[in-house]
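The chain contents come next:
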Amino acid sequence: MLYLVRMDVDIPDAVGLEEADALKAREKAYSQELQRGGEWVGIWRVVGEYANYSLFDVDSHDRLHEILSNLPLFPYMTIQVTALATHPSAIG
Ligand SMILES: O=C(O)CC1=CCC(=O)O1
């Protein structure tokens, strides 16, 4: 099942630079592990924003929720999920 996910990140100043850097490093490692495993198909920066669009290929809504809710930056994100179905004009 394919999902297009937009993540907007807003880390409050109260978190502090050191903690924010640690969270970002954990986020990167977590993301890259899931990319290597094939569930996180790709990630793109939204130009000019602290946000990304990501494509996930996972078995269930529950699995996507598990992945997203375990993101180290999850407490500081607004997340929008769009489930994708096959378009009738798609050739592949
Ligand atoms: O920087 C972001 O957009 C947040 C993020 C999600 C996965 C990752 O590595 O960074």
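Everything discussed here concerns the structure shown above.
Conventions and cut-offs
- Residues numbered from 1 in each chain as written.
- Predicted model: local features only at pLDDT ≥ 70, side-chain atom pairs only at ≥ 80, totals over all residues.
- Heavy atoms only, no water.
- Helix = DSSP H or I, 4+ residues; strand = E, 2+ residues; numbered from the N terminus.
- Buried < 20%, exposed > 50% of the residue type's maximum accessible area, 1.4 Å probe, protein only.
- Contact = heavy atoms within 4.5 Å.
- Areas by Shrake-Rupley, 256 points an atom, 1.4 Å probe, with all protein chains shown as cover.
- Lys, Arg positive; Asp, Glu negative; His and termini not counted.
- Charge placed at Lys NZ, Arg CZ, Asp CG, Glu CD.
- Near = heavy atom within 4 Å.
- Polar contact = N/O pair within 3.5 Å; in protein donor to acceptor, adjacent residues only side chain to side chain.
- 1 Å grid on protein atoms, 1.4 Å probe; cavity = no way out; pocket = protein on both sides within 12 Å on 5 of 7 lines; lining within 4 Å.
- Sits in = over half its atoms within 2 Å of the grid points.
- Nonpolar A, V, L, I, M, F, W, Y, C, P; charged D, E, K, R; others polar.
- Salt bridge = Lys/Arg side-chain N within 4 Å of Asp/Glu carboxyl O.

Colleague: Could you clarify how one ought to interpret the overall build of the chain in this entry?
Modeller: The helix and strand inventory of the chain stands at 2 helices and 4 strands. Along the chain, helices (α) and strands (β) appear in the sequence β-α-β-β-α-β when read from the amino end. Across its three principal directions, the C-alpha atoms of the chain cover 50 × 25 × 20 Å. Taken over 92 residues, the chain has a buried fraction of 30%. Counted over contacts in the chain with a minimum sequence separation of 6, partners at least 24 positions apart contribute 68%. Roughly 6,200 Å² of accessible area belongs to the chain as shown, and the carbon and sulfur atoms make up 53% of that amount. Taken together, the 7 basic and 14 acidic charged side chains of the chain have centroids lying 5 Å from each other.

Colleague: Would you explain the site of the ligand in this entry?
Modeller: Around the ligand, the neighbouring residues are V9, E27, K28, S31, W40, I43, R45, Y50, N52 and M77. Within the side chain of R45, a nitrogen or oxygen atom sits 2.7 Å from an oxygen atom of the ligand. N52 has a polar side-chain atom sitting 2.8 Å from an oxygen atom of the ligand. Relative to its unbound accessible surface of 280 Å², the ligand loses 87% to contact with the protein. Mapping the ligand onto the cavity grids shows that it belongs to the largest pocket. Listed by contribution, the elements that provide at least two residues to the shell around the ligand are α1 (17–37) and β2 (40–45). Split into classes, the residues belonging to the shell around the ligand amount to 5 nonpolar, 2 polar and 3 charged.

Colleague: Looking at this structure, how should I read the pattern of salt bridges?
Modeller: When the charged atoms of two side chains lie near each other, side chains of opposite charge can form a pair. Applying the stated rule across the entire model yields 4 salt bridges. Measuring nitrogen to oxygen at the nearest pair gives 2.7 Å for the salt bridge that ties E39 to R63. Separated by 24 residues along the polypeptide, E39 in the loop between α1 and β2 and R63 in helix α2 (residues 61–69) bring together distant segments of the chain. Overall, the relative accessible area of 24% leaves R63 in the partly exposed class. Sharing partners across several salt bridges, the network here consists of R6, D8 and E49.

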